[in-house]
Amino acid sequence: MLDQASQLRTQMGMRSMAAEADTAFAQSSANPAKVVAVASGKGGVGKSNFCVNFGIALAQQGVRVLILDADVGFANVEVLLNISPSHSLLDVLEGRHLNDIVEYSPYGLAFISGGNGLFDHLLMSSDDHARLVWELGKLSQMYDVVLLDCAAGVNEVSIRLVAAADQLVLVTTPEPTAMADAYAFMKLLTRRLITPAPQVVVNRAQSFTEAKQSVDRLTRVTSRFLDVHLETLGYILEDPSVSQAVMRQVPVLHHAANSKAASCYRQIASNFLRKDLQTPSLGMSGFFDRLLKSRLFGGGRDRGHGA
Ligand SMILES: Nc1ncnc2c1ncn2[C@@H]1O[C@H](COP(=O)(O)OP(=O)(O)OP(=O)(O)O)[C@@H](O)[C@H]1O
Ligand SMILES: [Mg+2]
């Protein structure tokens, strides 16, 4: 399994070489982390649990994972990991070093709180954010994957965060409302000229057959009406262990390591390591660079980073 992790690092490093030309900072980034936005149309479909347990499953395979809570104001990941960070990325804008604000959970995950209002600030303010971008570039060297736990819904901040990421994991459940909102999310996202490669995770499925049928339905409509090809990252079965784990504030991978859900998260981590290495990575500095450019150029039609 460690071989897969080092393969991931090597491949990401190789791909980053081409991407490095895109930003001045990336020219000094030998092997920046891949930024993966975890988003959904409908709320409550399992994004935060996905970030935490998928992140732990990756960490168990030797991948260095950082979770960035981009659903600021709700702090789901903090609650799930039972940690209370005293600082956030906002403090970096005020001069603090990133090393001071990274929290380490006992499960091998690093965590940063976005901080209340950070993304609104980044999107609306015309301040000089070079320092933040520079600090994030340094941090990128320390991780292989950065998972962004995004706020649910079809809103401009979420869409811009996703559009700036290297990769999108779109989480849905088989419920028609969640599927309709997932489609609406993709529809809004495709108004950007270039978006990250979308991959879908179906959570809370009663069976793998139901999960697959849901993906097939979503894939059919996105490819027919949006001309978007959705890849399948994996399926997570409905499992009462998840809510039991949430109640205890212990990730289900630790609370019930042999549960159905835990093995689904591990399977998805293996799928990710095996096949999801195709997108180029610019790291966190590249991510914020793109995010800021989407502000400056008024909506993400400025430039992109892979289809
Ligand atoms: N596979 C599962 N089986 C059973 N219950 C689940 C599963 N996944 C998630 N849940 C339940 O759904 C709840 C919501 O999950 P989570 O907080 O991860 O969703 P979210 O998408 O992050 O929500 P929000 O949009 O509000 O941030 C969990 O507290 C848990 O009770
Ligand atoms: Mg959440």
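Residues numbered from 1 in each chain as written. Chains lettered and ligands numbered in written order. Predicted model: local features only at pLDDT ≥ 70, side-chain atom pairs only at ≥ 80, totals over all residues. Heavy atoms only, no water.

A few words now on the side chain of Ser48. Counting through the fold element by element, Ser48 comes out in helix α2 (residues 47-60). Within polar-contact distance, the side chain of Ser48 engages the side chain of Asp149 at 2.7 Å. For Ser48, the contacting residues outside a window of four places in its chain are Asn76, Leu80 and Asp149. (Helix = DSSP H or I, 4+ residues; strand = E, 2+ residues; numbered from the N terminus. Polar contact = N/O pair within 3.5 Å; in protein donor to acceptor, adjacent residues only side chain to side chain. Contact = heavy atoms within 4.5 Å.)

Here we come to the pairing of strand β1 (residues 34-39). By the criterion of burial, β1 is predominantly enclosed, with six of the six residues buried. Here β1 shows a buried face lined by Lys34, Val36 and Val38 and a second buried face lined by Val35, Ala37 and Ala39. The pairing of β1 with strand β5 (residues 145-149) spans five bridges and is classified as parallel. The partner of Lys34 across the bridge, within β5, is Val145. (Buried < 20%, exposed > 50% of the residue type's maximum accessible area, 1.4 Å probe, protein only. Pairing = 2+ DSSP bridges.)

Around the magnesium ion (ligand 2), the protein contributes the donor atoms Ser48 (OG) and Asn76 (OD1), which lie 2.0 to 2.1 Å from the metal centre. A residue pair is termed long-range when its members are at least 10 positions apart, and Ser48 in helix α2 and Asn76 in helix α3 (residues 76-81) qualify at 28 residues. Residue class for Ser48 comes out buried when judged on its relative accessible area of 8%. The partly exposed category is assigned to Asn76, whose relative accessible area is 30%. (Donors = N, O, S within 2.8 Å, 3.2 Å for Na, K, Ca; no water.)

What follows deals with the site of ligand 1. In the region of ligand 1, 19 residues are neighbours, and Gly44, Lys47, Ser48, Asn49 and Asn76 sit closest. Taking Lys47, its side chain carries an N or O atom lying 2.7 Å from an oxygen atom of ligand 1. One nitrogen or oxygen atom from the main chain of Asp239 is found 2.9 Å from a nitrogen atom belonging to ligand 1. Calculation on ligand 1 without its partners gives an accessible area of 640 Å², and the protein chains cover 81% of this total. For the shell around ligand 1, the class distribution of residues is six nonpolar, eight polar and five charged. (Near = heavy atom within 4 Å. Areas by Shrake-Rupley, 256 points an atom, 1.4 Å probe, with all protein chains shown as cover. Nonpolar A, V, L, I, M, F, W, Y, C, P; charged D, E, K, R; others polar.)

The next subject is the side chain of Thr173. By the secondary structure assignment, Thr173 is in the loop between β6 (167-172) and α9 (176-189). Dropping the residues within four chain positions of it, Thr173 is found in contact with Val45, Ala178, Met179, Val202, Asn203 and Arg204.

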